[in-house]
Amino acid sequence: AVGVVLRVIAALRLRAHLRKGAGAGEAAAPVTLWRAVKRGLRDLDDKLERLVASSRDGDQILLGADAGSADLDACEKLRARFPQRDITVVPCEPGRAANPKISKFIQMQPHARHEHWLLTDSEALLDADFVGHLRREWSGCGADAMTAGYRFLPSKDGMEVLDALPAITTLWPGLMLTRRIAFTLGACTALRAADVRALGGWEIFSSDLAEDHRLGQLLVRSGKRIALSTRV
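Note that this is a predicted model, so its numbers are computed, not measured.

1. Things to note about the environment of glutamate 160
Thought 1: Tracing the backbone through its elements, the reader meets glutamate 160 in helix H6 (residues 158-177).
Thought 2: On the accessibility criterion, glutamate 160 (23% relative accessible area) is partly exposed.
Thought 3: Other than its neighbours up to four places away in sequence, glutamate 160 contacts Arg42, Pro154 and Ser155.

In structure tokens, the structure reads:
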């Protein structure tokens, strides 16, 4: 009974949260869109092209993939298909950190050219409307960082439905019932390069399995404020 009540409260709060709309910011500053490519990712070409389509002129697209892999080759072909875009491909060697994603981030960081960063998960499906909204919202809300909740799609069979259920039944009620956002979510987070450098760089997350959660914790402890986007 308590669980049902909490989920009803969370659903009402979620409806109100999603109706807030974007902030008033213009988000004129260019961003570096980070993408550490997971080995053997399905439909990689489509996901990379969506990432390019979500960017604006002046943005940098920063891709990190295992050196000598088919994934790296796909990234290089993407750069060749979009010569008008600022696409940087970084061949990453394994073992720079126990966390494979952070291992890539450490090697990608010297190539990031802009102060504003947008980190997205290797499997995130982006479009220009979502990214544009997120940028305006971040610029207008006054927060130091912004993170976005997520959902899984499309679910093609029963097993994928089961995989997607925790995001609806656990993640979103938790997001709506927490008193403050003291974490970031790996699917999508916008933050500033200076704030990561002030924490000690990506190296301090080398042994963290949930590096996104710890990143948010350390940002809040250092006095930064994190906002939750009204977009999914």
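2. Quick notes on the packing of aromatic side chains
Thought 1: Applying the stated criterion across every chain, the model contains seven aromatic pairs.
Thought 2: Look at phenylalanine 105 and tryptophan 202: their rings are 4.9 Å apart centre to centre, the planes differ by 50°, and that puts the pair in the tilted class. You can see phenylalanine 105 sitting in helix H4 (residues 100-108) and its partner tryptophan 202 sitting in the loop between helix H7 (193-199) and helix H8 (211-221), a full 97 residues away along the chain. Accessibility assignment for this pair places phenylalanine 105 and tryptophan 202 in one class, buried.
Thought 3: Look at tyrosine 150 and phenylalanine 152: their rings are 5.9 Å apart centre to centre, the planes differ by 90°, and that puts the pair in the edge-to-face class.
Thought 4: Given the relative accessible area of 28%, tyrosine 150 is considered partly exposed.
Thought 5: Taken together through their ring pairs, the aromatic side chains of Trp34, Phe105, Trp117, Trp202 and Phe205 make up a single cluster.

3. Notes on the pairing of strand S6 (residues 188-192)
Strand residues, when the strand is regular, have side chains that alternate between the two faces of the sheet.
Thought 1: Most of S6 is tucked away, with four of its five residues classed as buried.
Thought 2: In the sheet, strand S4 (residues 116-120) pairs with S6 via five bridges, with the strands oriented antiparallel. Note on S6: the bridge partner recorded for leucine 118 is alanine 190.
Thought 3: Sheet topology note: the strand S5 (residues 145-147)/S6 ladder contains two bridges and is antiparallel. Note that in S6 the partner of threonine 147 across the bridge is threonine 189.

4. Some details on empty space enclosed by the protein
Thought 1: A full pass over the atoms with the stated rule returns two cavities of 30 Å³ or more.
Thought 2: Roughly 80 Å³ of internal volume is contained in the largest cavity.
Thought 3: Every residue lining the largest cavity is listed: Lys101, Phe105, Leu119, Thr184, Leu185, Gly186, Thr189, Trp202, Glu211, Asp212 and Leu215.
Thought 4: For the lining of the largest cavity, the secondary-structure elements that each account for two or more residues are H4 and H8.
Thought 5: With three residues, the top contributor of residues to the lining of the largest cavity is H8.
Thought 6: Each residue belonging to the lining of the largest cavity can be placed in one class, and the counts come to five nonpolar, three polar and three charged.
Thought 7: The calculated volume of the second largest cavity comes to roughly 40 Å³.
Thought 8: Looking at the second largest cavity, the residues that line it are Val31, Trp117, Leu118, Leu134, Arg135, Trp138 and Ala190.

5. Some remarks on helix H2 (residues 44-54)
Thought 1: By the burial criterion, the buried members of H2 are Leu44, Lys47, Leu48, Leu51, Val52 and Ser54. Take H2 and look down its axis: the buried residues cluster within an arc of 165°, on one side only.
Thought 2: Looking at the buried positions of H2, the neighbouring elements they touch are strand S1 (31-36), strand S2 (60-66), helix H3 (70-81), strand S3 (86-92), S4 and helix H5 (128-141).

6. Observations regarding a nonpolar patch on the surface
Thought 1: A surface patch of nonpolar side chains, about 400 Å² in accessible area, is lined by Val2, Val5, Leu6, Ile9 and Leu177.
Thought 2: Take the nonpolar patch: its biggest share by element is four residues, from helix H1 (residues 2-18).
Thought 3: Relative to the elements of secondary structure, valine 2 occurs in helix H1.
Thought 4: Judged by relative accessible area, which is 61%, valine 2 ranks as exposed.

7. Brief notes about the sheet that holds S3
Thought 1: Taken together, seven strands build an open sheet; the order of strands is S3-S2-S1-S4-S6-S5-S7 and the sheet is mixed. Each edge of the open sheet carries a strand with a single partner, namely S3 and strand S7 (226-228). Adjacent strand axes in the sheet meet at a mean angle of 20° when their direction is disregarded.
Thought 2: In this fold H4 packs onto S1, S2, S3 and S4, with an angle of close to 140° to the strand it touches most, S1.

8. Let's talk about the packing of H2 against H3
Thought 1: Between H2 and H3, whose axes approach to 10 Å, the crossing angle comes to 40°. Between H2 and H3, the interaxial angle falls into the category oblique. Crossing hand, H2 versus H3: right-handed. Each of Leu44, Asp45, Leu48, Glu49 and Val52 in H2 lies in contact with H3, whose residues at this interface are Asp71, Ala74, Cys75, Leu78 and Arg81.

The rules we used
Residues numbered from 1 in each chain as written. Predicted model: local features only at pLDDT ≥ 70, side-chain atom pairs only at ≥ 80, totals over all residues. Heavy atoms only, no water. Helix = DSSP H or I, 4+ residues; strand = E, 2+ residues; numbered from the N terminus. Buried < 20%, exposed > 50% of the residue type's maximum accessible area, 1.4 Å probe, protein only. Contact = heavy atoms within 4.5 Å. Phe/Tyr/Trp six-rings, centres within 6.5 Å; stacked < 30°, edge-to-face > 60°. Pairing = 2+ DSSP bridges. 1 Å grid on protein atoms, 1.4 Å probe; cavity = no way out; pocket = protein on both sides within 12 Å on 5 of 7 lines; lining within 4 Å. Points joined across faces, edges and corners; volume = space filled by probe spheres on them. Nonpolar A, V, L, I, M, F, W, Y, C, P; charged D, E, K, R; others polar. Arc of directions from axis to C-beta. Patch = residues over 30% accessible without salt bridge, like charges linked within 9 Å, V, L, I, M, F, W, Y side chains within 5 Å. Areas by Shrake-Rupley, 256 points an atom, 1.4 Å probe, with all protein chains shown as cover. Salt bridge = Lys/Arg side-chain N within 4 Å of Asp/Glu carboxyl O. Axes fitted to C-alpha atoms, helices over the stretch in contact; angles between N-to-C directions. Parallel < 35°, antiparallel > 145°, perpendicular 65-115°, else oblique. Left-handed = near helix turned anticlockwise from the far one by under 90°.

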